[in-house]
Amino acid sequence: MVSRRDFLKIAGTACGTTALSMAGVESARASESHLDHDRFGVLADFTICVGCRRCEYACSKAHDLPFGELDEYDDQAPMEEMRRPTVDDLTVINAYTPPTGHTDPLTVKVNCMHCEKPNCVSACIVGALTKDPKGPVVYDAWKCIGCRYCMIACPFQIPAYEYEKPLTPKVVKCDLCAESTLGEEKGIPACVEICPVDALTFGKREDLLEMAHLRIRNDPDRYFHKVYGEVDGGGTSWLYLSDRDFSEVDLPELGETSASEVTESIQHGIFRGFSGPAMVFGLMSVLVKSTGSIPPEKDLPASHENGHQGVDHE
Amino acid sequence: MNNPAAGSQAVISNDAVSIRNARGTHEEKAAPLAGNSKVPFLTPGVWVLIALALGAVAVLAVRFTQGLGAVTNLDNNYPWGLWIAIDVASGVALAAGGFTMAFLAHIFHKNQYHVLVRPALLTAMIGYTFVALGVVVDLGRFYNIWHVMMPSMWQGNSVLFEVGICVMIYLTVLYIEFLPIVCERFIGKVNLPGFWAGLNKPLDRLLRALDAGLNKVIIFFLIAGVVLSCAHQSSLGTLMVIAPGKLHTLWYTPMMPLQFLLSAFAVGLSMVIFEGYLASRSLKREFELNVMAPLGRIIPFLLTVYFGTKLIDVVNRGAYKALGEFNLQTAMYGVEIIGGVLLPAFIFMAHRLRRQPAWLFTAAAMVVIGVVINRINVFIIGYEPQFGSGPYVPAWPEALLTIGFISIIVLIYRAAVFIFPVLPEEED
């Protein structure tokens, strides 16, 4: 007969092995950076943007979302409302007080930043959100279970949700026009394409960073001396230039690492190779034996649950 | 064979008398209430629960035809609300009685507690079932829940994946742990009528084989249940660690997983007292003070360790400075800590109070409510996103669904103790 100790050993090993394949392997793979060296991004220079809102129009058109006539977007009023991206508008332009000596407001583009180490991708329970090596953070509605943990995790509060749909709600956000930018034609994002003043520049992230720093160097009075997104939150594919501190245009102060580094280190600290749970299992297997004192089975109302008989003879 | 009396060696001296009595009680057998109950199954209170349950069904009908937007106040800034805070996060915590009692009675061999294992297991089983159902209601694409079980879609970096897979496995383990009770109920009593009578013998034999088989392996499931519970109870606390800019500084700490686990230990045992008292009142049965009081003695130690991690953390991070300002968050923090941790700990520690069922119940109820408030604080009150359009307040259908689900849990518990041998047999 198999003794309890042997049984527990076998059971513990089986449990550990299953669990290992469950959590350990997958995460070990994902923790290494898989980003391409020449991944792309967009540089948005708020000091150039004139707030024409053509990008809002082009974005909705490119994503089969409701959009109005082009001249409707000449209305400046919505920019005063400090809008956020919604299920119908993946990008919005907001207006802030004009810089000193100017009358036109500073206009700021809001959309998914496409983080280098995205919290939403780390949070997603089924891998419906992924970071493409080329840069875009893309969403696979087919995989999504609709838990909305990505929305909790996003430090920029970007993803919107189709709460009105009873059966097929989607998480909605800018995808950097992945269909075009990752596709055969190697296109550029619709918002960049339509921008009439070149406030938006699409290109290699590395080159864009260089360009951004060059602009600050060449015109130090024009810019706040920081490229937002270079390191913020672990870095982002969208890079921002502004005439003022970014906290004044409602961009969060995030530090240089992604919050997902913390959750992943906790998660893997406990579960890597399933060592933590295996230890607890082992400890309790010892406890079951060592705390002893098991009355004969017939004394216990819960006798069927304890399975002690036949194992206490040592 | 080991000496049964050895179990009382570890007994805490103050409660020595009660333990001797308790050893008496655990020689009783558990029995279904049906036929022996002092109260009928249907009472006016039960009708109220049924009405509330029907209310929940109505909310479900609207939710699954009109969408989450029609029944909730959730929006892009507040994607998680009452259902996540109460039905899921609090539900998991309050169902912790299952694994804590399994640990005390079966793994740590505190044999006097055997009598409490079955009710706690039943609560955990029903509780987790409704955690799972609560999740399904909240998921936008609930029919994709099976994706979590597909290795091709496993996402090992996701804290939520860890919670999800653990809860799924643990729920299965709970059903397996309950099977011996089903076997006990029907072995020798399979009595199908008429045409089906021929199946009686094979069914009985099957049950006996199942029972014997389970008896050999059940300890594996009991230990696995404790391991799985520790894993996901703590991981629930890791969930919000990914949102540092959104969660109020009084709660945001990378120590949340430890704090969630420790509070689960305390609230698990408190729930056993809490529901034991309510069940004894509702079913007009004796309250098992002789086991409940010693159980209550353990809780202040757990609460003290829990409070220690909270205190060290807020001091260490300087978060206590936030308490200088009086607002909703600091008030709720005060209620959570004073009302849910410190006061009940003092009541549990006072020997004279602990020996009075009403006080014991009060202290247990305070811990239960305190932990629920903590989960509400972490997932709702303390959740302050930068672009929040004001605090999230649940819509009434959200509240009705939560209340209705709790009603259904109570109804199923009541039905189960009438049908299955869960509560100890009482002499007349």
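The coordinates are above.
Within every chain, residues take consecutive numbers counted from 1 along the sequence as written. For this description, chains carry letters from A and ligands carry numbers from 1, given in the order in which they are written. Selection of residues for local features in this predicted model requires a pLDDT of at least 70, selection of side-chain atom pairs for listing and counting requires 80 or more, and totals for whole chains, interfaces and linings are taken over all residues. Note: side-chain values were computed over all heavy atoms of the structure, leaving out hydrogens and water.

### Overview of a negative patch on the surface
Part 1 of the argument: Residues enter patches when their relative accessible area tops 30% and they take part in no salt bridge; the joining distance is 9 Å for like charges and 5 Å for the nonpolar side chains Val, Leu, Ile, Met, Phe, Trp and Tyr. Each accessible area value is a Shrake-Rupley result obtained with a 1.4 Å probe; residue values ignore everything except the protein chains displayed when judging cover. By convention in these notes, a salt bridge is any Lys or Arg side-chain nitrogen within 4 Å of a carboxyl oxygen on Asp or Glu. As used throughout, the charge tally considers Lys and Arg to be positive and Asp and Glu to be negative, leaving His and the chain termini uncounted. In this description, the location of a charge corresponds to atom NZ of lysine, CZ of arginine, CG of aspartate or CD of glutamate. On the surface, Asp64(A), Glu179(A), Glu184(A) and Glu185(A) cluster together into a negatively charged patch.
Part 2 of the argument: By definition, any uninterrupted DSSP run of H or I lasting at least four residues is a helix, any uninterrupted run of E lasting at least two residues is a strand, and each is numbered from the N terminus. Along the chain, Asp64(A) falls in the loop between α2 (54–62) and β2 (92–96).

### Remarks on helix α2 (residues 44–66) of chain B
All names here are of chain B.
Part 1 of the argument: Over its 23 residues, α2 extends 33 Å from the first C-alpha to the last, a length consistent with the 33 Å expected when each residue adds 1.5 Å.
Part 2 of the argument: Within the span of α2, buried status applies to Val46, Leu49, Ala53, Gly55, Ala56, Val59 and Arg63.
Part 3 of the argument: Where α2 terminates, the next one or two residues include Gly67, which has phi positive at roughly 95°. To estimate how far a helix should extend, the number of its residues minus one is multiplied by 1.5 Å. Exposed residues in this analysis have more than 50% of their type's maximum accessible area, buried residues have under 20%, and partly exposed residues fall in between, with area computed by a 1.4 Å probe over protein chains only.

### Considering helix α5 (residues 97–107) of chain B
An α-helix turns once per 3.6 residues; consequently, residues spaced three or four apart project the same way.
Residue and element names in this part refer to chain B.
Part 1 of the argument: Of all 11 residues in α5, 10 are buried; the element is thus mostly enclosed.
Part 2 of the argument: Listed in full, the buried residues belonging to α5 are Gly97, Gly98, Phe99, Thr100, Met101, Ala102, Leu104, Ala105, His106 and Ile107.
Part 3 of the argument: Trailing α5 by a residue or two, His109 shows a phi angle of about 55°, which is positive.

### Some remarks on the packing of helix α8 (residues 260–271) of chain A against helix α8 (residues 200–238) of chain B
Part 1 of the argument: Packing of α8(A) against α8(B) leaves a shortest axis separation of 11 Å and a crossing angle of 170°. The orientation of α8(A) with respect to α8(B), classified from their angle, is roughly antiparallel. Of α8(B), the residues touching α8(A) (which contributes Thr263(A), Ile266(A), Gln267(A) and Phe271(A)) are Ala231(B), Ser235(B) and Thr238(B). As a rule, the C-alpha atoms of each element are fitted with a line to give its axis, helices using only the stretch in contact, and angles between N-to-C directions run from 0 to 180 degrees. Put simply, angles under 35 degrees are roughly parallel, angles over 145 are roughly antiparallel, angles from 65 to 115 are roughly perpendicular, and the rest are oblique. Contact criterion: two residues are considered in contact whenever any of their non-hydrogen atoms come within 4.5 Å of each other.

### Quick word on unusual backbone geometry
Part 1 of the argument: A positive phi is found at Asp198(A), a non-glycine position, where the angle reads about 60°.
Part 2 of the argument: Structurally, Asp198(A) is set in the loop between α6 (190–194) and β8 (200–204).
Part 3 of the argument: The residue His109(B) is not glycine, and still its phi comes out positive at about 55°.
Part 4 of the argument: When its relative accessible area of 3% is taken as the criterion, His109(B) is described as buried.

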